[in-house]
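Below, each chain spelled out in residue letters.
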Amino acid sequence: PSPAVAAGLLGLLSVALALGGARGGGSPRFPWDSTSAVVLHSKCLRITGAAVEAGSARPAQKARVLEHQALEQVALLAAEPLQAGQYYTLSIQYFANLSESFHGFYKSTYRTQEGELRVLAATQFEPTAARMAFPCFDEPAFKARFSITIRREPKHLALSNMPIVKSVTITPWLVEDHFDTTVKMSTYLVAFIVSDFKSISKITGHGVKISVYTVPDKINQAHYALDAAVKLLDFYEDYFSIPYPLPKQDLAAIPDFQSGAMENWGLTTYRESALLYDPEKSSASSKLWVTMVIAHELAHQWFGNLVTMEWWDDLWLNEGFAMFMEFVSVSVTHPELRVEDYFLRRCFDAIEVDSLNSSHPISTPVEDPAQILEMFDDVSYKKGSCILNMLRDYLTADVLKAGLVQYLQKYSYQNTKNEDLWNIMTNASIPYSLMFFNFICPTVGSDKNELQGDGFCRTQQSSSNAHWTKGETLDVRAMMDTWTLQKGFPLVTVTVRGKNVHLQQERYLKGVNSPSSTGYLWHIPLTYITSKSDTVQRFLMTTKADVIILPEEVEWVKFNVDMNGYYIVHYEDDGWDRLINLLKENHTAISSNDRASLINNVFQLVSIKKLSISKAFDLTLYLKHERQIMPVLQGMNELIPIYRLLERRDMDGTAKQLKEYIINLFKDLIDKQSWSDEGSASERLLRDSLLLFACVHRYQPCVDKAKGYFTEWQKSNGTLSLPADVKTAVYAVGAQTSEGWDFLLSKYRLHLFNVERKNIELALSLSRSKDKLQWLMDQGLRGDIVRTQDLPHIIVFVAKTPSGCHLAWTFLKENWEKVVEKFELGSNSVADIVTGVTSRYSTRSQLAQVKEFFSSLEEKSAQLRCVQQAIETIEDNIQWMDTNFEKVKTWLQNNQL
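So, a few notes on the structure that sits alongside this text. Each chain has its residues counted from 1, running along the sequence as written. Local features in this predicted model are restricted to residues of pLDDT 70 or higher, and side-chain atom pairs are both shown and tallied only at a pLDDT of 80 or more, whereas totals for entire chains, interfaces and linings draw on every residue. The side-chain values count all of the structure's non-hydrogen atoms but skip hydrogen atoms and water molecules.

## Some remarks on the overall build of the protein chain
Here's step 1: Strands here are runs of E lasting at least two residues and helices are runs of H or I lasting at least four, both read from the DSSP assignment and numbered beginning at the N terminus. Check the secondary structure of the protein chain and you find 28 helices and 30 strands.
Here's step 2: Taking 897 residues into account, the globule formula puts the C-alpha radius of gyration at 29 Å, and the protein chain, at 28 Å, falls close to it.
Here's step 3: Counting only C-alpha atoms, the protein chain reaches 90 × 70 × 55 Å along its principal axes.
Here's step 4: We get accessible surface area from the Shrake-Rupley algorithm with a probe of 1.4 Å; when it comes to residues, only the shown protein chains can shield them. Surface summary for the protein chain: the accessible area is close to 33500 Å², and the carbon and sulfur share equals 50%.
Here's step 5: Asp and Glu count as negative and Lys and Arg as positive, but His and the ends of the chain are not part of the count. Charged groups are reduced to one reference atom each: NZ for lysine, CZ for arginine, CG for aspartic acid, CD for glutamic acid. Across the protein chain, the 91 positively charged side chains and the 104 negatively charged ones have centroids separated by 3 Å. As defined in this context, the radius of gyration uses C-alpha atoms, and a globule is described by 2.2 Å times the residue total to the power 0.38.

## Here's the deal with helix α17 (residues 700–715)
Here's step 1: Its 16 residues give α17 an end-to-end C-alpha distance of 22 Å, which sits within 8% of 22 Å, the value for a rise of 1.5 Å per residue.
Here's step 2: The set of residues buried in α17 consists of Cys702, Val703, Ala706, Phe710 and Trp713. Down the axis of α17, the smallest arc covering the buried residues is 90°, so these residues share one side.
Here's step 3: Whether two residues touch is decided by their heavy atoms; if any such pair falls within 4.5 Å, the residues are in contact. Buried positions along α17 lie against α16 (681–696), α18 (727–734) and α19 (738–748).
Here's step 4: Looking at the residues trailing α17, positive phi occurs at Asn717, about 55°. Working rule for helices: expected span equals 1.5 Å times residues minus one. Each residue's exposure class comes from its accessible area (1.4 Å probe, protein chains only) as a fraction of the maximum for that residue type: buried when under 20%, exposed when over 50%, partly exposed otherwise. What the arc covers is the set of directions going from the helix axis to the C-beta atoms.

## Let's talk about the sheet that holds strand β19 (residues 248–254)
Strand-to-strand pairing in sheets goes through backbone hydrogen bonds, with the strands running parallel or antiparallel.
Here's step 1: A pair of strands is treated as paired once DSSP finds two or more bridges between them. The mixed open sheet is built from 5 strands, whose spatial order is β17-β18-β19-β21-β20. The sheet terminates laterally at β17 (198–203) and β20 (261–262), the two strands that pair on one side only.
Here's step 2: Pairing of β17 with strand β18 (residues 209–214) involves 6 bridges; the strand directions are antiparallel. Bridge pairing in β18 links Lys202 to Ile210.
Here's step 3: Against the sheet, helix α2 (residues 223–240) engages β17, β18 and β19, with an angle of about 150° to β18. Each axis is a line fitted through C-alpha atoms, taken for helices only over the stretch in contact, and angles between the N-to-C directions span 0 to 180 degrees.

Quick look at the structure:
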């Protein structure tokens, strides 16, 4: 049936579970056009019988079942044609084993504190795995209401999207739970869990019951998530002016979980590290991560669940929005976390993949399950959120909010396409297009124009240039189509001639033989400040070239204020010299986000040979005086990868010189760090990164201090309480000796250290012993000591070390089939491994090896986007080294700090 016809569908699903296998029966009911065959999705289900019933008066007729495994479909052939306008009930009997991967209805295990192994079963259906649990129309536009019944042992409890309405004891060892019928929703949002979890609950201000479920031994780590979820759900109900439509919202921490979390309606599921927080042991970065993930999943209850994209080509309507809303919500509910400090990082990550030819438009056609999975990438999530932030800066927060609320109200319980959103935004902006905006950002500390309140506010407008369009109606669709329907992003070149500022736009594209970028044109909402005025001026650039006339000549001009726009800027002639000089003389004259964006842009321009590497390094000299988290981390994010490239190829000590230069840049800041958990969230996160960097790169004062802590901790047999934010650095140093490594591993295996698993994994993967690194990856594949869910980041950690880079590549080649079977072709996990293992390759022989291996695989693997990204990145690294190695060497010799 068409999605419109399927809207009446009611799925009655009953699952009988013995932890090991599942039996099911399903009976969807619907009206349709006349037909003899009903085609449903089904994967790995053994269907034993099917029948069609037309109303209760007539007996059910058996239907023949044909299966097409490659298409993941089954056809049910009725004995006589099914008539249009008539309601039918299909009954399907089938059974299946619980999935051994992380999708479908799958098995998860955990050990109690006493060491007993326990089994549970949970679901992960997005994007195309509901068909692994029950036959269904498994596409987002086929929304239906689901009525679920689960049989379980009395020692377990069953959870699903809706509350239980009744439980019936069938036998002393079997209970049948009947769940309330769901609202109208897509199949990928159906969820159920059978486990022995414990829970804690609270009621929100709007009367919704929120519960957090975890394995029994960890329920004391659920309080932070519960409080955060209550605040966030209340925030969203108020912000969207649309009540949350279900009576409850459960958050469940699943011991084995591939991604970060999943937004199933009324039963959101999480990796344990994304939900559990121990105030005694968890770091500031863990608190930030947990808060952001909960904010993301709860935003989906509106963006994604209530209003869903029609097909996966517009996945960004779900994911870009949820990621954008994390910042909008958390900046209000948890202002102390200062989330606005981290938004830029996401845009820089997006730019990294979007600068390659293998990128794709935000909205792009996809067909098969592997292509659909590939859409769950930095372009859909991070670029999606960055262009929404740009739109908010363009329309103002109030207009954007008004448009979003209209969109959600108009399309509740329906499916949408890209243009539906833009049409509503255009209408929402009409009443505002003649207004002047006067939102003033209060200044904070020494930095002007820092973000306040709900984040991202605007600085005062001058009446001379009060609005981009000078009173014309804004055509949001025409503008935003240029950002969603073409891949990549613009490079704006600025040339100042007296009072005239000449502007030119072109596509920014890395690559040796990059294709021509003619035909690419964006509508760019330009913003700028100058040495004479920190009032943000605005100009919508819709042509290849344009000119702005300033009221007077200026010392310097900075475009893309706070990098609210998704574009990078090149300053011709002496434009860069003037900005570099500004940073040297008085860096706080511009905001910390502006400084971070200059650091990012200058290195991006080196990659496409618009600037010399020495110019970029000249800019970094000012970092000796930088104290804010974003520019410091951005400086490290640009310089450390260059060090890693040199380290792999180092013949003459240049890498060592560069390492010393980086340490000297940040030495004062590192020396100032207290080895404690005091300070704001940003200060604590910065401390965590700085100390880890210093210790891993063997800055002696840091190493000595960490060694002292590790020795004390070891003497206490792990009972000494270390400050949460310095643990990673301490563990990293401790793991350098064989004895320290073994001691860390013994603690890793203990229940007490669950909160610290990721810190310990990182430390263990920094070992110089190849045997230990090999063992670590092998264990990750086996999944008993190291959970398989953690294997992707362990492989990438290992690949980043000098002793592990070849091991990780060999491991990937030898275990490719197993990795794909476990994590699925096209998944983010597989992409992270492929790009992570090869990201520092920079020789022609490495390029040849990578090409040879992937071309030897079957076509679907060879054509993965991540493989193209990996190849392009290696080509880019080769070109970068050929062009810049000698220049870096010379610069370092001339600029000893």
